[in-house]
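Each chain, written out:
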Amino acid sequence: MCVLFCTLSQAQVQYKKPVVYLTFDDGPSSDGVTELILDVLARHNAKATFFVTGARARANPEKIRQILDGGHALGNHTLSHGRLTSLFDHQVAQELIDTNTYILAAGGPIMNCFRAPFGDTNRRVNDIALRLGLRKVGWTIDTRDWDVFVDPEQIAVQLEDSQNQSIVLMHDGPKSRWRTLQVFSRWMEDTGHTYSFEALPDCAQPVIESYASNDLPPRTESVASTIKTAVPSPVVVQTIPQLLAKLKAYKISLLPEVVAQSSIKSSNQF
Ligand SMILES: [Zn+2]
């Protein structure tokens, strides 16, 4: 019998918490929901990944900084939250590139992952994204917090299904999704300590501290220009020059608002 030694060896084995990847789509919101999510995460020393839209990043650039300051990761959720599979190739690319450039304009990193709105993607879309250095990220648990007819307790039930390596889909704002936060906050208080919440490794990127606006190219031609020309092999861009080279290769110009950063900061169109 090895009761004594077996007990000792078991005690020496360190318990590793299951890793759960919390993700929040559709932000950053302009009605305070992003900040509340960040507060809950900070209280529990939890990291998450925010799949933001270019339109909302444009309207709330300071929230992008708050997300990054909290140690969280960003993912590309397209400019206008359209259905990517119904768009032409150059429109798909423009949705993704414009979102990346608004994040850059807000002082964020070059993103390297994307999540298709509504999960509406296919091989063609994924290939375009990959050529822009964006890997597809899905989810394994849909809390259905987007469905106003779902009982809040059902959201809690979905959260309780979390296990090691789960990717949990939730949403950031608007205020109509307030109940998401209430349920999430309570779940974190009750059971959150049993998990280790981390940002998705595929989305993590170092933050680019600053860049000169005159590094950005002038708007040279219409967005309608095609990317059907020969495209480079998939390469994850790491620096502004690399991104600009990639944009040039695709003959796609930056939005004029990105070139003139001051106009982004004063814009509230979205
Ligand atoms: Zn979405």
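See the structure shown above.
Please read all numbers here as calculations on a predicted model, not as lab measurements. (Residues numbered from 1 in each chain as written. Predicted model: local features only at pLDDT ≥ 70, side-chain atom pairs only at ≥ 80, totals over all residues.)

(A) Layout of the overall build of the protein chain. Helices and strands together make up the secondary structure of the protein chain, namely 11 helices and eight strands. When burial is assessed residue by residue, the protein chain has 39% of its 270 residues classed as buried. In the protein chain, of all internal contacts separated by at least 6 residues, the share reaching a separation of at least 24 is 80%. (Helix = DSSP H or I, 4+ residues; strand = E, 2+ residues; numbered from the N terminus. Buried ≥ 20, exposed ≤ 12 C-beta atoms within 10 Å, placed from the backbone. Contact = placed C-beta atoms within 7 Å.)

(B) Looking closely at the environment of proline 174. For proline 174, the location among the structural elements is in the loop between strand S7 (166-171) and helix H8 (178-191). Of the residues examined, proline 174 has 13 C-beta atoms within 10 Å and is grouped as partly exposed. Separated by 148 residues in the primary sequence, proline 174 and aspartate 26 have C-alpha atoms spaced 8.8 Å apart. With residues near it in sequence (within four places) discarded, proline 174 still touches Ser29, Asp31 and Val33.

(C) Structural context of the packing of helix H7 (residues 152-159) against H8. At a minimum axis separation of 9 Å, H7 and H8 run at an interaxial angle of 45°. Judged on the interaxial angle alone, H8 and H7 are oblique. As for how H7 packs across H8, the hand of that crossing is right-handed. Facing H7, whose interface residues are Pro152, Ile155, Ala156 and Leu159, H8 presents Arg179, Thr180, Val183 and Trp187. Broken down by class, the residue content of the contact of H7 with H8 amounts to six nonpolar, one polar and one charged. (Axes fitted to C-alpha atoms, helices over the stretch in contact; angles between N-to-C directions. Parallel < 35°, antiparallel > 145°, perpendicular 65-115°, else oblique. Left-handed = near helix turned anticlockwise from the far one by under 90°. Nonpolar A, V, L, I, M, F, W, Y, C, P; charged D, E, K, R; others polar.)

(D) Quick look at the pairing of strand S2 (residues 48-52). Burial analysis of S2 places five of its five residues in the buried class, which makes it a mostly covered element. Burial along S2 is two-sided: Ala48, Phe50 and Val52 and Thr49 and Phe51, pointing in opposite directions, are all buried. Sheet topology note: the strand S1 (residues 19-25)/S2 ladder contains four bridges and is parallel. Pairing of aspartate 25 across the sheet is with phenylalanine 51, part of S2. Between the parallel elements S1 and S2, the chain passes through helix H2 (residues 33-43) in a crossover that is right-handed. Where S2 lies against strand S3 (residues 73-76), four bridges are found, and the strand directions are parallel. The residue bridging valine 52 from the neighbouring strand is asparagine 76, located in S3. (Pairing = 2+ DSSP bridges. Right-handed = clockwise from strand over helix to strand, strands pointing away.)

(E) Representation of the environment of tyrosine 195 in the model. Assignment of secondary structure puts tyrosine 195 in the loop between H8 and strand S8 (196-197). Along the primary structure tyrosine 195 and proline 18 are separated by 177 residues, whereas in three dimensions their C-alpha atoms are 5.2 Å apart. In this structure, tyrosine 195 is in contact with Lys17, Pro18, Val20 and Ser162, ignoring residues within four places of it in sequence.

(F) Region of the structure containing the packing of H2 against H8. Running from amino to carboxyl end, H2 crosses H8 at an angle of 5°, the nearest separation of the two axes being 10 Å. On the basis of the axis angle, H2 is roughly parallel to H8. Within the contact between the two elements, H2 uses Val33, Leu36, Ile37 and Val40 and H8 uses Leu181, Phe184, Ser185 and Met188.

(G) Examining helix H4 (residues 61-69) more closely. Inspection of H4 places Pro61, Lys63, Ile64 and Ile67 among the buried residues, and these make up the whole buried set. Along the axis of H4, the buried residues cluster in a sector spanning 155°; they form a single face. Those residues of H4 that are exposed and aimed more than 90 degrees away from the buried face are Glu62 and Asp69. With its phi angle positive at about 85°, glycine 71 sits one or two positions after the end of H4. (Arc of directions from axis to C-beta.)

(H) Geometry of unusual backbone geometry. Cis geometry is found at the peptide bond from glycine 27 to proline 28, where omega equals -5°. Note that proline 28 resides in the loop between S1 and H2. The backbone phi angle of threonine 78 is positive, close to 75°, even though this residue is not glycine. Summarising the element assignment, threonine 78 is placed in the loop between S3 and helix H5 (89-105). Of the residues examined, threonine 78 has 25 C-beta atoms within 10 Å and is grouped as buried. The phi dihedral of phenylalanine 118 falls on the positive side, at around 65°, and the residue is not glycine. Positionally, phenylalanine 118 belongs in the loop between strand S4 (113-114) and helix H6 (123-131).

(I) Spatial organisation of H6. Regarding H6, the residues found buried are Val125, Ile128 and Ala129. End-on view of H6: buried residues confined to an arc of 100°, all on one side of the axis. Lining the buried residues of H6 we find H5, S4 and strand S5 (135-136).

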